[in-house]
Amino acid sequence: MTEKVVVPRSFKLLDELEKGEKGTGIPHPHTSFISFGLVDSGDMTLSAWNASIIGPQNTILGDKIYSLSVITDQTYPDKPPKVFFKVKINIPCVNQSTGEVCLVFNTCLVFS
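We now turn to the structure provided with this report.

The rules behind the values
Residues numbered from 1 in each chain as written. Predicted model: local features only at pLDDT ≥ 70, side-chain atom pairs only at ≥ 80, totals over all residues. Heavy atoms only, no water. Helix = DSSP H or I, 4+ residues; strand = E, 2+ residues; numbered from the N terminus. Buried < 20%, exposed > 50% of the residue type's maximum accessible area, 1.4 Å probe, protein only. Contact = heavy atoms within 4.5 Å. Areas by Shrake-Rupley, 256 points an atom, 1.4 Å probe, with all protein chains shown as cover. Phe/Tyr/Trp six-rings, centres within 6.5 Å; stacked < 30°, edge-to-face > 60°. Patch = residues over 30% accessible without salt bridge, like charges linked within 9 Å, V, L, I, M, F, W, Y side chains within 5 Å. Salt bridge = Lys/Arg side-chain N within 4 Å of Asp/Glu carboxyl O.

## Re the overall build of the chain
Moving on, step 1. Secondary structure summary: the chain contains 1 helix and 5 strands in total.
Moving on, step 2. On the principal axes, the C-alpha backbone points of the chain span a range of 50 × 30 × 30 Å.
Moving on, step 3. When burial is assessed residue by residue, the chain has 25% of its 112 residues classed as buried.
Moving on, step 4. Taking contacts inside the chain between residues at least 6 apart in sequence as the whole, the part at least 24 apart equals 20%.
Moving on, step 5. In the form shown here, the chain has an accessible surface area of approximately 8,100 Å², with 60% of it arising from carbon and sulfur atoms.

Structure below.
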């Protein structure tokens with residue numbers, strides 16, 4: 001009988017941080033359009049992250065840099081992190097009051 005190997009949360013986050021810092025954690029063709037890292041390099045809990053994305057080219061969102069805040073609590077990676085746009089953006093999966101992104105798309109309500 002095969003047992004499921006559970007990777008500790010901190011190992012997973014350290015791996016993701018290293019890939020983000022080296023630019024290897026983003027799948028092609030998005031490599032040049034997304035960056036991320038810790039808010040505070042001394043954060044031993046690895047819970048507060050900053051991210052930047054460049055909108056899709058040839059769209060009204062393109063050629064703009066969007067800043068995001070990513071919070072990974074103790075339930076990560078079993079549950080997705082909380083992600084917030086730091087600037088107002090009009091996308092159906094983003095709460096217009098808080099900037100929070102709905103990451104569970106099949107249960108996401110369109111925020112008003």
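From this point on, the discussion continues.
## Regarding the packing of aromatic side chains
Moving on, step 1. Applying the stated criterion across every chain, the model contains 2 aromatic pairs.
Moving on, step 2. For the ring pair tyrosine 66 and phenylalanine 85, a centre distance of 6.2 Å and an interplane angle of 80 degrees mean the geometry is edge-to-face. Pair noted here: tyrosine 66 is in strand 3 (residues 65-71) and phenylalanine 85 is in strand 4 (residues 82-85), with a separation of 19 residues, a long-range link. Across the pair, exposure class does not vary: tyrosine 66 and phenylalanine 85 are buried alike.

## Description of a nonpolar patch on the surface
Moving on, step 1. Taken together, the side chains of Val5, Val7 and Phe11 present a nonpolar region at the surface, about 340 Å² in accessible area.
Moving on, step 2. Its place among the elements puts valine 7 in the segment before helix 1 (9-22).

Function cannot be read off these values alone, since they describe shape.
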